[in-house]
Protein chains: 2
Amino acid sequence: MKYSSLAKTLAAFLAFDVVALAAEQPNIVFIFTDDQGWGDVAAYGHPDVRTPNLDRLAKQGTLFTQFYVGSPVCSPSRASLLTGRFCAEIGIDYAIGGPAGQKYNHALWLDPELPNVYKTFAANGYRVGHYGKWHLGAMDKDGNMVAPAPVEYGAQESATAHSTGPKLKGLNNSNKSEIIANYGIDFIERNQSSPFFLNLWIMDPHSVLDPTQEQMDPYMDHTHPAVRSHLRSSQTVYYAIIENIDRAVGRVIQKLEECGLLENTIILFSSDNGPSPLWSSATGHAGSGLTGPFRGTKASLYEGGIRVPFIVSWPGHIPAGKVQDQSVVAAVDMYPSLVQMAGLEVELPEELDGEDRTSVLLGTPSKRSKPLMWEYRFGNWGREIQVSPTLAMLDGDWKLLMNPDRSRVELYNIREDITETENRARYETEIVGEMSARLMDWWDTQVPNPKNAPPWSGHSGWRMPRGN
Amino acid sequence: MKYSSLAKTLAAFLAFDVVALAAEQPNIVFIFTDDQGWGDVAAYGHPDVRTPNLDRLAKQGTLFTQFYVGSPVCSPSRASLLTGRFCAEIGIDYAIGGPAGQKYNHALWLDPELPNVYKTFAANGYRVGHYGKWHLGAMDKDGNMVAPAPVEYGAQESATAHSTGPKLKGLNNSNKSEIIANYGIDFIERNQSSPFFLNLWIMDPHSVLDPTQEQMDPYMDHTHPAVRSHLRSSQTVYYAIIENIDRAVGRVIQKLEECGLLENTIILFSSDNGPSPLWSSATGHAGSGLTGPFRGTKASLYEGGIRVPFIVSWPGHIPAGKVQDQSVVAAVDMYPSLVQMAGLEVELPEELDGEDRTSVLLGTPSKRSKPLMWEYRFGNWGREIQVSPTLAMLDGDWKLLMNPDRSRVELYNIREDITETENRARYETEIVGEMSARLMDWWDTQVPNPKNAPPWSGHSGWRMPRGN
């Protein structure tokens, strides 16, 4: 055994040992925001927005630079997180509900029979709470809310919006983060004695955003004086809301601290997909989300659509102040990894696409053993060069994007080319051949109705003037 | 001589013959907007904004899909248009004036001794008028307006903003296009009998934009009802202003028609550079400009920064309803081409970078004989993947972008890859070798002070979290 391998094994052993040494089962607080871009956190490099609480979380834990969600839009990303499955495999391939849902015959809810991380924790002594967004069930054509409630998915306590089950109360377009934090704080207060798994699916910065003047005050310099009285810059609005998120995170952490639970709580922070671009119908007043250096926004399989912030803290277990930029972690990995970190003795479902990434979370870089796969074939509100092909696969440093009819085939080396602007498919035909075969095999077997896609699927919608 | 060559020669002969047949010297109306993107015209494919007058102009004339300005920012682009020179050669390399100007010791004005198209027309029987933006001269450090007035550049009549000489009167942030059109209409009225060269440098859609409610009414559906009372979407604001431009263009054309001058007037419409991105300090309320399918925005050498709308009408001479997508035309070509089309018998300056592209304007596709060159090394408000290297060269279908220190070298085939996302520099080393040598030779001899650049010049400014 070479020294480096020995060191790795030793490190992995020590890491797992730390888990084993946890005095009691850790609590878990998973904060999952809505449409917050990879770059929408100061610790990720944002030049303007202030997120002192998230930055502090990154300092007391680890910031991951390469974390992927399962879809570039809401419902499938969330379904993927809960089930540890690629969303194309579980029939949730677009935002649930809405006109497109009826047109393309989408499922109206996530199958509650599927194994998921909530049910596993609820069945193993944890108190599972879910507050905020849900979007895993919608109304039927007649406007009846027929979808199962969160409790049927394992969330013993919940308050959500636009769903069956208990509703969030008192929400408006400036206080969503605050209200959801209130529910979380109340949950912590009531469940101090039992191990708990608290999920706060914060609804910001998804539009509509309408912050108060007080919230906007720190960012008024982004609104030109000549229009300040009656027009706001998108940045003033958006950054105010990001700071609302940050304040909510800070209050939840403070509550854990007050209850003496901070040391024994795994706090995770992430977002469901990339930022909604300015040109989405509801985002025109607030589309200032940033993807950092990445191409793509919400609804794109380029990095900016699926690569999001991911910060994890667990004092004494997860390295403090570490920036992990050598290892891929994905939302599908959360189910097996949280089960492992909590020390639950359960058999995980065989079909899981996620892997136990505990060793990476605890500080030891490693490669995934399996590739990540994505399928997304519906609406895109980004502009043109953000519109990706409909299939993607990440295997090591290579990312392949393609349309099933091969009208677009793109190959990027994500480590060398983080902007996805050096498409090497023309030259690296062997890699393309191997990866595209695997991706198409997966697509063939998993997607229920591959022809169920808009005609422009995977293509820019720009009507170019044609030469004559 | 092969048939195709013969046909081309014949076509070229016929085309020039048409010019020769012009009964009298044509008038010229050049409408040049500020920060309007390639995609910000319905005829170019914009999905939402209404530009009926520009669309009609395209139907009575020719729409060019591949027209390049000399710089991705204001002053150098305008200097390049007037002089027919690449801006790096004439010492205007950034927006004139402002703090950056002092820091990097920029010229305070365009050298009035340089040959330019206004002077040539003024000296050859044309009445030259210039109304609207100027930005070819700025105040000195003490705030004194010491730059030469437009008249010293050949504009016998002018009214401009922020410059020496007669000032535009009555401007506000909702009426700029209207006011400038008023000046133009008055000029046409007064100069009907002489051949004239009217330049309307419309100041829209450069921010600050503050359209009236009436102007915004057609686009209110872009502002979500929940924020309609006090927040506007960037689209509502921006599209209203684009329609203001369109109305102004329509009124000028109508005036020409009323005066019986439409048949004998060459009308040209273009923009000085790509749209200002949302994140520019003044654009947060209105940064909805579109580049069509192109990468890059204002201040980028990618297509979106330097490729702009270009519509030319001259009834009976320029083909009506044609979309020219086979030939490159550039702003530097305007000087020699307008001189040719007007039939001026003058000797053009030897140093011109522009070429006479009359044959293309009149309908015969052709390749340029010389490459186009760009140098831009200053501020960029775009986000990350829009930030280009500082040098660019277009030779046929190949576009090379590079930093002088070769920290970035990118090669795109613009015809096959209009989004500039298939950087082929790694593989096409021979083409890169040849083009980069020419580009560096040009850069070495032309740019006065190559070290005069910000440290981040040609690089994304994103502060990536570093692994540890």
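The following refers to the structure shown. (Residues numbered from 1 in each chain as written. Chains lettered and ligands numbered in written order. Predicted model: local features only at pLDDT ≥ 70, side-chain atom pairs only at ≥ 80, totals over all residues. Heavy atoms only, no water.)

**Section: helix H8 (residues 234-258) of chain A**
Residue and element names in this part refer to chain A.
Right, so step 1: Helix length check: H8, at 25 residues, gives a terminal C-alpha distance of 36 Å against a target of 36 Å (1.5 Å per residue), a fit within 8%.
Right, so step 2: In terms of burial, H8 is largely enclosed, as 20 of its 25 residues are buried.
Right, so step 3: The first or second residue beyond H8 is glycine 260, which carries a positive phi of 70°. (Helix = DSSP H or I, 4+ residues; strand = E, 2+ residues; numbered from the N terminus. Expected span 1.5 Å × (residues − 1). Buried < 20%, exposed > 50% of the residue type's maximum accessible area, 1.4 Å probe, protein only.)

**Focus: the pattern of salt bridges**
All names here are of chain A.
Right, so step 1: Scanning all chains against the criterion turns up 56 salt bridges over all chains.
Right, so step 2: A salt bridge links arginine 78 to aspartate 34; the nearest nitrogen and oxygen atoms lie 3.5 Å apart. With arginine 78 in helix H3 (residues 74-83) and aspartate 34 in the loop between strand S1 (27-33) and helix H2 (52-60), the pair connects residues that are 44 residues apart, well separated along the chain.
Right, so step 3: Assessed through its relative accessible area of 1%, aspartate 34 is described here as buried.
Right, so step 4: The salt bridge partner of aspartate 333 is arginine 368, with a shortest N-O separation of 2.4 Å. Of this pair, aspartate 333 sits in the loop between strand S9 (329-330) and helix H10 (334-341) while arginine 368 sits in the loop between helix H11 (358-361) and strand S10 (372-375), and the two are 35 residues apart along the sequence.
Right, so step 5: Residue arginine 368 is classed as buried on the basis of its relative accessible area, which comes to 15%. (Salt bridge = Lys/Arg side-chain N within 4 Å of Asp/Glu carboxyl O.)

**A word on the sheet that holds strand S11 (residues 391-395) of chain B**
One key point about sheets: their strands pair by backbone hydrogen bonds, in either a parallel or an antiparallel sense.
Residue and element names in this part refer to chain B.
Right, so step 1: If you trace the four strands from one edge of the open sheet to the other, you get S10-S11-S12-S13, paired in antiparallel fashion. The sheet is open, and its two edges are formed by strand S10 (372-375) and strand S13 (409-413), each paired on a single side. The average undirected angle you get between the axes of adjacent strands in this sheet is 10°.
Right, so step 2: Sheet topology places S10 next to S11; four bridges connect them, and they run antiparallel. (Pairing = 2+ DSSP bridges. Axes fitted to C-alpha atoms, helices over the stretch in contact; angles between N-to-C directions.)

**Considerations on the nonpolar core**
Residues and elements named next belong to chain A.
Right, so step 1: Core analysis: the biggest nonpolar cluster contains 138 residues, and Phe121, Phe197 and Phe310 have the highest contact counts within it.
Right, so step 2: The dominant element in this core, judged by the number of residues it contributes, is H8, at twelve residues.
Right, so step 3: When we break this core down by domain, the ones giving at least three residues each are domain 1 (3-372) and domain 2 (389-446).
Right, so step 4: Sequence-distant contacts of phenylalanine 197, that is, excluding residues within four places in its chain, are made with Ile28, Phe30, Val117, Tyr118, Phe121, Tyr126, Arg127, Val128, Gly129 and Leu338. (Core = buried A, V, L, I, M, F, W, Y, C linked by side-chain atoms within 4.5 Å. Domains from an automatic or database assignment. Contact = heavy atoms within 4.5 Å.)

**Examining unusual backbone geometry**
Residues and elements named next belong to chain A.
Right, so step 1: That bond from serine 207 to valine 208 is cis: its omega, 15°, falls within 30 degrees of zero.
Right, so step 2: Inspection of the secondary structure assignment puts valine 208 in the loop between strand S5 (196-201) and helix H7 (213-216).
Right, so step 3: A positive phi angle, close to 75°, is found at alanine 299, a residue other than glycine.
Right, so step 4: With relative accessibility at 3%, the residue alanine 299 sits in the buried group.
Right, so step 5: One non-glycine residue, arginine 406, lies in the positive phi region at around 60°.

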